Amino acid sequence: MIVWIMIILLGIQTVSAAPAPWTAVDGVYYNDKGEVIEGAVSKGIDVSKHQGKIDWAKVKQTDINFAIIRCGYGDDYSYQDDEYFGVNVKGCENNHIPYGIYIYSYATNTKMATSEANHVLRMINQYGAHPTMPIYYDLEDASQQNLSAKAFGDIAETFCNAIMAKGYTVGVYASLYWWNNKLTDSRFNKWSKWVAQYNSECAYEGAYDMWQYSSTGKVSGITGNSDMNILLTKSCSLGGHSDVLIASTGKATTKKSATLTYKCNLCGRQRTQIVYRAKKYVLSKKTFVYNGAQQKPNVTIRDSKGNVIAPGNYTLSYKKNVKPGQAEVIITFKNLYEGKVTKYFTIKPAKVTLASVTNSGKKKMKVYWNKSKGAGGYELCYAKNKGMTLEARTVTVKSSKKTKTIKGLVRWQKYYVRVRAYKTINQVKVYGAWSSKKQLVVTR
């Protein structure tokens, strides 16, 4: 009886052992966190002379299912061959390990890409290799980092076309950063993608079918570190994830952020997206001069992390955006956001045209100007020097007027005159530009 009680008590403590990092259990692969790697079907390595002499018979006894073997680097010169390519090919074939090939590229133009393709084909012929996996083009060298997306596309297309013309499948290897920022030409979608990201999961959002997850793997039969890879064949790895929203805390606003959870309905992968609250609004222009047309400044909106919010998340509308005064731009959020925000900009009165200045009675002059549409009034300035500083005087005139008689002047004195329109906005006068100056000698 006591024995059975002990067994029962011990039994409630019994749990299934967590899978070892980066291994498969019943055909399901797990990462270093014990999480399922969705779509994974095989684990492999990529090797070069840096691994030295490999005991492929020992490798065969491990969970390694394939290898990608470097044939060399750069242009088609024998001194740039990988000296271990031949023995590695033989090792894989003798031990029935499927393999592919890669070449490290230095190409910065299509001529070099052609030479590198010839390099691969020569090595295949020289060693009688029969790869059953793709031939990969390794793009990562510092000499290439300033190339344009089109240049990368041209180089890769030249290489891949030359390899495919001989009946081989092709692919391209690069880091996650390069895939996201450099290898963005649409032509890369025609070839197998091999993404390097040393992480518990691959964050690449596009289609890919191989992931290099580590450069420090340990494999029996290989001295030192090995690059480790996962091969994927689920449709999402080849055609991209098909994410569906499965949970949400709501939409983001100007006061709160939102959290969205998506699940790929092809492979089951889940990801979380934080939509940070809208915080900063910058108008492309805050001050305009009246010209009779609608003024529509653009708005750049940034979230609380400083990221620009995509225009697809809001629409812009405008009010009071023709005549002088305070105009409005109304930001109406949509999609991942909700709510409205109003920002303001200023339309100044147009520059006034000063028509004429004449003598008008004893020690008087009369000033004429053309009215400025939408003005709230006018400010007239006259002085005894052209710089408008000597005994300068200003006079305010109602918007309904377009003339003003100035009295108490000095006979035979030369006066300079100018005028501008203004509009009162929030109890502050906003002025348009001064008109050109006119001058008059008072003769009466």
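These figures come from a predicted structure and were not determined experimentally.

1. With respect to the sheet that holds strand β24 (residues 403–406)
Here is step 1 of the chain: Here we have three strands laid out as an open sheet, ordered β20-β21-β24, and antiparallel in their pairing. Of all strands in the sheet, those with a lone pairing partner are β20 (353–359) and β24, marking the two edges. Each strand axis lies, on average, 20° off the axis of its neighbour in the sheet, ignoring direction.
Here is step 2 of the chain: Pairing of strand β21 (residues 365–370) with β24 involves four bridges; the strand directions are antiparallel. Within the sheet, the bridge partner assigned to K366 lies in β24 and is T405.

2. Quick word on the pairing of strand β7 (residues 170–175)
Here is step 1 of the chain: When you tally the buried positions in β7, you get five out of six residues, the bulk of the element.
Here is step 2 of the chain: Note that strand β6 (residues 135–138) and β7 share four bridges and pair parallel. When the sheet's bridge partners are listed, Y137 is paired in β7 with V172.
Here is step 3 of the chain: The handedness of the β6 to β7 crossover, carried by helix α5 (residues 149–164), is right-handed.
Here is step 4 of the chain: Inspection of the sheet shows β7 paired to strand β8 (residues 192–196) by five bridges, in the parallel sense. Counterpart to Y173 in the pairing with β8 is W194.
Here is step 5 of the chain: Taken together, β7, helix α6 (residues 176–181) and β8 form a β-α-β motif whose crossover is right-handed.

3. Digging into the pattern of salt bridges
Here is step 1 of the chain: Counting across every chain of the model gives 11 salt bridges.
Here is step 2 of the chain: In this structure, R122 and D76 form a salt bridge, with 2.6 Å as the shortest nitrogen-oxygen distance. With R122 in helix α4 (residues 110–127) and D76 in the loop between β4 (66–73) and α3 (85–94), the pair connects residues that are 46 residues apart, well separated along the chain.
Here is step 3 of the chain: Judged by relative accessible area, which is 24%, R122 ranks as partly exposed.
Here is step 4 of the chain: With a relative accessible area of 27%, D76 lands in the partly exposed category.
Here is step 5 of the chain: Notably, a salt bridge pairs D154 with R187, separated by 2.8 Å at the nearest N-O pair. Separated by 33 residues along the polypeptide, D154 in helix α5 and R187 in the loop between α6 and β8 bring together distant segments of the chain.
Here is step 6 of the chain: Overlapping salt bridges, with partners in common, bring together K150, D154, E157, D185, R187 and K190 in one network.

Reading the values: the criteria
- Residues numbered from 1 in each chain as written.
- Predicted model: local features only at pLDDT ≥ 70, side-chain atom pairs only at ≥ 80, totals over all residues.
- Heavy atoms only, no water.
- Pairing = 2+ DSSP bridges.
- Helix = DSSP H or I, 4+ residues; strand = E, 2+ residues; numbered from the N terminus.
- Axes fitted to C-alpha atoms, helices over the stretch in contact; angles between N-to-C directions.
- Buried < 20%, exposed > 50% of the residue type's maximum accessible area, 1.4 Å probe, protein only.
- Right-handed = clockwise from strand over helix to strand, strands pointing away.
- Salt bridge = Lys/Arg side-chain N within 4 Å of Asp/Glu carboxyl O.

Nothing here speaks to function; it is all geometry.
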